[in-house]
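Topology and contacts: notes
Residue-level listing of the chains:
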Amino acid sequence: MLDRLQALADRYDKLSELLCDPDVANDNKKLREYSKEQSDLQEVYDAYQEYKTVSEQLADAKTMLGEKLDDEMRELVKMEVSELSERKEQLEAQIHVLLMPKDPNDDKNVIVEIRGAAGGEEAALFAGSLYRMYTKYADAQGWRVELMEANESDLGGFKEIIFMIKGKGAYSKLKFESGAHRVQRVPETESGGRIHTSTSTVVVMPEVEDIEVEVKESDIRVDTFCSSGAGGQSVNTTKSAVRVTHVPTGIVATCQDGKSQNSNKEMALRVLRARIYEKMMQEETAKYDSERRSKVGTGDRSERIRTYNFPQSRVTDHRIGLTLHKLDQVMDGDLDEIVSALTVASQSEMVERGEYSA
């Protein structure tokens, strides 16, 4: 591991030299390429530098213990050895994670689709709660949310809502959210106070560029129609809403929340590319033996991945057996503990499958 870390540190230092080269500074392509590469190495470089410093300090402190010291000084040195040993272990664990192979989509923006599933109006209301949860989480991460399509229900929930979250690492943190989310609570539509169970589905897809999925103009059909609001009523008389159909696959994307027909078409094409890419990835994944699939983040839409129990203020992620008794905080966007646990579980799966070794 140390040899690999030193090689990465050497590359980081070399990139620093290259970025100071006038020839590189005048070449926008190389400047972007080297800057991104160095940015990708920054976290592991900083961790390695601290690791070296801590290791040196720990060695010095242990050497001091072999010298003649008074009782007070010996206790201070022992305390320092304990603290430095603990920090060294923390850094080793952090570096171990940082050296793991990255999903090529991890740094991408994401397109999120939430739909009310089983439970009618209550499922639509819960879809709205999930949308609020993810936007709160995005705000806490410093990301930006862009609404792409919303089909409101009569009571203010969402039969379907599609939005983009823009920010570095968005996919790495949200990719495990795909699946069926179950809610257990007394619905606003229930006067008898009985607890009902409803579900909403979440799909998280990385934003896809043209170069990754080519959508030819000759392969798409574009239809325009009037935008509509909750309950299906028309909200304007101009055909600004756009529906784009990818003829070879039959995949469809619509958008009506943009300011113009052109902006709606562009957003619909973004969703279309992401859906085509996801279909391609699902087909590729299906080629592998099921035993080699991770239990985390398979994207199986029929899989109930999480339960939100309001009477008990409990959230349970069924894939990793994690239960938290802080439902209010989670619904307010505090997803860090869940995201971290899912990430660790995914990394452990990689090690078990032999896809990574230090």
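Position labels on residues start from 1 in each chain and follow its written sequence. With the structure being a predicted model, the display of local features is reserved for residues of pLDDT at least 70 and the display and counting of side-chain atom pairs for 80 or more, all residues being used for whole-chain, interface and lining totals. Only hydrogens and water are removed before side-chain values are computed, so all heavy atoms of the structure are retained for them.

By the naming in an unreviewed UniProt entry, the chain goes by Peptide chain release factor 1 and is assigned to Paenibacillus antri. Quoted straight from UniProt, the Function (unreviewed entry) entry for the chain says "Peptide chain release factor 1 directs the termination of translation in response to the peptide chain termination codons UAG and UAA." UniProt positions are given in the numbering used here, feature names are shortened, and annotations may be inferred rather than shown by experiment. Comment text from UniProt for the chain, heading Subcellular location (unreviewed entry), reads "Cytoplasm".

Looking now at the packing of helix 1 (residues 2-19) against helix 3 (residues 28-65). Fitted lines through C-alpha atoms serve as axes, helices being fitted only where they are in contact, and the angles separating the N-to-C directions of these axes extend from 0 to 180 degrees. Starting at the N terminus, helices and strands are each numbered in turn, a helix being any DSSP run of H or I of at least four residues and a strand any DSSP run of E of at least two. Their axes nearest at 8 Å, the elements helix 1 and helix 3 cross at an angle of 135°. One element, helix 1, and the other, helix 3, form an angle in the oblique class. Every pair of crossing elements has a handedness; the one defined by helix 1 and helix 3 is left-handed. Residues belonging to the contact of helix 1 with helix 3 are distributed by class as follows: 15 nonpolar, six polar and four charged. Any angle between 65 and 115 degrees counts as roughly perpendicular, while under 35 counts as roughly parallel, over 145 as roughly antiparallel, and the rest as oblique. Helix crossings are classified by the rotation of the near helix relative to the far one: an anticlockwise turn of less than a right angle makes the crossing left-handed, while a clockwise turn makes it right-handed. The nonpolar class holds Ala, Val, Leu, Ile, Met, Phe, Trp, Tyr, Cys and Pro. Asp, Glu, Lys and Arg form the charged class, and all remaining residues, Gly among them, are polar.

Only strands that DSSP links by at least two bridges are regarded as paired with each other. Read from one edge to the other, the open sheet built from eight strands follows the order 2-3-1-5-4-9-10-11, with strand pairing classed as mixed. Two strands bound the open sheet, and with one partner strand each, they are strand 2 (144-152) and strand 11 (322-324). Neighbour to neighbour, the strand axes of the sheet diverge by 15° on average, direction disregarded. Summarising the sheet, strand 4 (residues 179-185) and strand 9 (residues 304-309) pair through five bridges and their orientation is parallel. Each bridged residue has a counterpart across the sheet, and for Ala180 the counterpart in strand 9 is Arg304.

Another aspect to go through is the confidence of the model for the chain. The pLDDT value tells you how sure the predictor is about a given residue, anywhere from 0 up to 100. Confidence along the chain averages 84 in pLDDT terms, with 85% of residues attaining 70 or more. When pLDDT is averaged over each helix and strand of the chain, the minimum, 81, is found for helix 7 (residues 261-285) and the maximum, 96, for helix 8 (residues 327-331). Contacts are assigned to residue pairs that have any heavy atoms within 4.5 Å of one another. Contacts of residues 231-235 to residues separated by more than four positions or lying in other chains number ten contacts, the stretch itself having pLDDT below 50. Segment residues 288-302 is flagged for pLDDT under 50; beyond a separation of four residues in sequence, or across chains, it makes 29 contacts in the model.

Another point: the environment of Met79. Within the secondary structure, Met79 sits in helix 4 (residues 71-98). A sequence separation of 18 residues divides Met79 from Ala61, and the C-alpha atoms of the two residues are 9.7 Å apart.

Let us now look at helix 4. The first and last C-alpha atoms of helix 4 sit 41 Å apart over 28 residues, in line with the 40 Å expected at 1.5 Å per residue. Burial classification: accessible surface area is computed with a 1.4 Å probe over protein chains only, and a residue below 20% of its type maximum counts as buried, one above 50% as exposed, and the rest as partly exposed. Along helix 4, the positions that sit buried rather than exposed are Val77, Val81, Leu84, Leu91 and Ile95. Against the buried residues of helix 4 lie helix 1 and helix 3. Expected span, for any helix, means 1.5 Å times one less than how many residues it has.

A word on the nonpolar core. Nonpolar cores were defined as sets of buried Ala, Val, Leu, Ile, Met, Phe, Trp, Tyr and Cys residues, with membership established by side-chain atoms within 4.5 Å. In terms of nonpolar packing, the biggest core is built from 35 residues, with Ile114, Tyr134, Ile165 and Tyr308 touching the most fellow members. Elements with a contribution of two residues or more to this core: strand 1 (110-116), helix 5 (120-141), strand 3 (158-166), helix 6 (170-174), strand 5 (196-206), strand 11, helix 8 and helix 9 (336-352). With eight residues, helix 5 is the largest single contributor of residues to this core.

As a further point, take the pattern of salt bridges. One speaks of a salt bridge when a side-chain nitrogen belonging to Lys or Arg is within 4 Å of a carboxyl oxygen belonging to Asp or Glu. Under the criterion given, the structure shown has 20 salt bridges. The salt bridge partner of Arg132 is Asp332, with a shortest N-O separation of 2.9 Å. Here Asp332 lies in the loop between helix 8 and helix 9 and Arg132 lies in helix 5, a separation of 200 residues in the sequence. Here Arg132 falls in the partly exposed class, since its relative accessible area comes to 40%. Asp332 gets classed as partly exposed once you look at its relative accessible area, which sits at 43%. Where Arg306 meets Asp317, a salt bridge forms, and the shortest distance between an N and an O atom there is 3.1 Å.

With that settled, consider the sheet that holds strand 6 (residues 220-225). Within the open sheet, the three strands sit side by side as 6-7-8. Their pairing is antiparallel. Edge positions in the sheet fall to strand 6 and strand 8 (251-255), since each of these pairs with one other strand and no more. For this sheet, the mean angle separating the axes of adjacent strands, direction not counted, is 15°. As judged from the five bridges shared by strand 7 (residues 241-246) and strand 8, these two strands associate in the antiparallel manner. From the neighbouring strand, His246 faces strand 8, where its bridge partner is Ile251.

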